[in-house]
Amino acid sequence: MSIDAKFSLVKGDFKLDVELTLPGRGVSAVFGPSGCGKTTLLRLIAGLERCQHGYLKVGDRVWQDGNDYIPPHKRAIGYVFQEASLFSHLDVKGNLEYGVKRVPIAERRVSIDQGIELLGIGHLLNRKADQLSGGEKQRVAIARALAVSPKILLMDEPLSALDLALKREIMPYLESLHGELDIPVIYVSHSPDEVARLADHLVLLDRGRVRADGPIASMLTRLDLPLAYGDDAAAVIDACVTEHDDHYGVSYLEFAGGQFTVARNSLPIGQAVRLRIVARDVSLTLEQQTGTSILNIFAATVAEIISDEQPEVVVRLMAGGVPLLSRITRKSAAQLNLECGQMVFAQIKSVALLSDDKKH
Ligand SMILES: Nc1ncnc2c1ncn2[C@@H]1O[C@H](COP(=O)(O)OP(=O)(O)OP(=O)(O)O)[C@@H](O)[C@H]1O
């Protein structure tokens, strides 16, 4: 299954012109600066905004083309907004049941109980919406969006109204959504951290147009896109927990290019995890160093170098087919005589484990 969309819309001075095919699984993040059209794109998919010659196909169903236009209330969509819009006169249970009633029994694929379990809200069922914290409200809003058994879950910056502590509280629940449910999520965000944690696929919007889209690991490391530059430029790597070593207090995580050693975590063996490796934490050597305290060193090939006469250069590396970024000084690059195709060793100073183990 995939989601095929083609929309063209003018709103005052703003023009949106988008043609996209999104995967029918996992989280597709729509990322871009304020005003680039992220919310407009989501509203077009939901049918809340209508353009004349649009096209939208979700799986094998056409929701919009030259002849047909399925109105928003007949689209199987879950929509989560920045601020949870719960019915204040209903308790949590009532809020969850509200949308389910209009879903025909044959089309119910997510039960209310499943949503309650996934979002960890079982203890809140009898509370009224105004007796919930901001984070709890948003978890209920997500469970309610799931309860209608949507064909797509649309999330418009669902964490942006929450403070850092609440963001951290909700993140593990969002992370578990794509592991445990077979519902594609389209997630609007302008937070690089959220995108790195959650997205499988990334759409980069720029002034109403798709500048690029593709799998997250390759999008973050494309040197022709702005994501690879700046202080927080980073690669993400999907790995798997293989061993815990209590003697040294470390855990081992395997990926296609080797094995990471990280601080001991409580994740089960076999658990899939995502790592974030910031470009400036990756240094390069021509020979494998032995007299070093750095534990994570991987053989890699230089795939691309961008220097632009800046004091620093950005290097895209491939380690076992997995892209990594390294930002080093132009002087270091010259001293190493770096060129494409060359074998190097990437020394990784710091690894962030993005998957939160709070839920385990
Ligand atoms: N009713 C309107 N009339 C004219 N222009 C509008 C209208 N609504 C939105 N716009 C413009 O359309 C553009 C896209 O808006 P949209 O809300 O989709 O952007 P966004 O990427 O979601 O922004 P943000 O990240 O700030 O939420 C903006 O430049 C906005 O000013």
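Under an unreviewed UniProt entry, the chain has the name Molybdenum ABC transporter ATP-binding protein and belongs to Alkalimarinus sediminis.

Caption draft 1: Region of interest: the overall build of the chain. Secondary structure summary: the chain contains 8 helices and 20 strands in total. Compactness check: the chain gives a C-alpha radius of gyration of 22 Å against a globular reference of 21 Å for 360 residues, within 12% of the reference. Overall, the chain is about 65 × 50 × 35 Å in size when its C-alpha atoms are taken along their principal axes. By the burial criterion, 39% of the 360 residues in the chain qualify as buried.

Caption draft 2: Quick peek at the pairing of strand β18 (residues 322-329). The buried count for β18 comes to 7 of 8 residues, which makes it a mostly enclosed element. With 8 bridges joining them, strand β17 (residues 312-319) and β18 adopt antiparallel strand pairing. The residue bridging Val 313 from the neighbouring strand is Ile 328, located in β18. Two successive antiparallel strands, β17 and β18, enclose a turn made up of 2 residues, where Gly 320 displays a positive phi of approximately 60°.

Caption draft 3: Structural context of the pairing of strand β3 (residues 27-31). By the criterion of burial, β3 is predominantly enclosed, with 5 of the 5 residues buried. Burial of β3 is two-sided: the residues Val 27, Ala 29 and Phe 31 facing one way and the residues Ser 28 and Val 30 facing the other way are all buried. Pairing between β3 and strand β8 (residues 185-189): 5 bridges, direction parallel. Paired with Ala 29 across the bridge in β8 is Tyr 187. Relative to strand β9 (residues 201-206), β3 is paired through 4 bridges, and the arrangement is parallel. Bridge pairing in β9 places Ser 28 opposite His 201.

Caption draft 4: Structural context of the sheet that holds strand β19 (residues 343-348). Read across the open sheet, the 5 strands follow the order β15-β19-β16-β17-β18; overall the sheet is antiparallel. Across the chains shown, the open sheet's two edge strands, defined by having one partner strand only, are β15 (282-285) and β18. Ignoring which end each strand starts from, the neighbouring axes of this sheet average 45° apart.

Caption draft 5: Representation of the sheet that holds strand β11 (residues 234-245). On the basis of which strands lie adjacent, the open sheet formed by 5 strands has the order β13-β12-β11-β14-β20 and antiparallel pairing. What marks the edges here is a single partner per strand, and that holds for β13 (258-263) and β20 (352-353). As defined by bridge partners, strand β14 (residues 272-278) adjoins β20 across 2 bridges and the pair is classed as antiparallel. Bridge pairing in β20 places Arg 276 opposite Ala 352.

Caption draft 6: Representation of the site of the ligand. By nearness alone, every residue bordering the ligand is listed as Lys 11, Gly 12, Phe 14, Gly 32, Ser 34, Gly 35, Cys 36, Gly 37, Lys 38, Thr 39, Thr 40 and His 190. In terms of residue count, the dominant contributor to the shell around the ligand is helix α1 (residues 38-46) (3 residues). When the residues that make up the shell around the ligand are grouped by side-chain class, the tally is 2 nonpolar, 8 polar and 2 charged.

Caption draft 7: Region of the structure containing α1. Inspection of α1 places Lys 38, Thr 40, Leu 41, Leu 42, Leu 44 and Ile 45 among the buried residues, and these make up the whole buried set. Of the residues flanking the end of α1, it is Gly 47, one or two places downstream, whose phi is positive at about 85°.

Caption draft 8: Just the nonpolar core, in detail. With 102 residues, the main nonpolar core has Ala 29 and Leu 324 as its most contacted residues. The element contributing the most residues to this core is helix α4 (residues 134-147), with 7 residues. Every residue in contact with Ala 29, bar those within four places of it in the chain, is listed here: Tyr 187, Ser 189, Val 195, Leu 198, Ala 199, Leu 202 and Val 203.

Caption draft 9: Molecular detail of the environment of Val 18. Locating Val 18 in the fold gives a position in strand β2 (residues 14-23). Between the C-alpha atoms of Val 18 and Phe 7, which are 11 residues apart in sequence, the distance is 5.3 Å.

Caption draft 10: Broad picture of the packing of helix α2 (residues 92-100) against α4. Put simply, α2 and α4 touch, their axes get as near as 8 Å, and they point 25° apart. When the axes of α2 and α4 are compared, the pair comes out roughly parallel. In this structure, α2 crosses over α4, and the sense of that crossing is right-handed. In this structure, α2 contributes Val 92, Asn 95, Leu 96, Gly 99 and Val 100 to the contact, and α4 contributes Val 140, Ala 143, Arg 144 and Ala 147. Of the residues assigned to the contact of α2 with α4, the class counts are 6 nonpolar, 2 polar and 1 charged.

Caption draft 11: Looking closely at the confidence of the model for the chain. When pLDDT is averaged across the chain, the result is 91; 98% of the residues are at 70 or more. This complex was scored by the predictor with a pTM of 0.90 and an ipTM of 0.96.

Rules of the game
Residues numbered from 1 in each chain as written. Predicted model: local features only at pLDDT ≥ 70, side-chain atom pairs only at ≥ 80, totals over all residues. Helix = DSSP H or I, 4+ residues; strand = E, 2+ residues; numbered from the N terminus. Rg over C-alpha atoms; globule rule 2.2 N^0.38 Å. Buried ≥ 20, exposed ≤ 12 C-beta atoms within 10 Å, placed from the backbone. Pairing = 2+ DSSP bridges. Axes fitted to C-alpha atoms, helices over the stretch in contact; angles between N-to-C directions. Near = placed C-beta within 6 Å. Nonpolar A, V, L, I, M, F, W, Y, C, P; charged D, E, K, R; others polar. Core = buried A, V, L, I, M, F, W, Y, C linked by C-beta atoms within 7 Å. Contact = placed C-beta atoms within 7 Å. Parallel < 35°, antiparallel > 145°, perpendicular 65-115°, else oblique. Left-handed = near helix turned anticlockwise from the far one by under 90°. pLDDT = per-residue confidence, 0-100.

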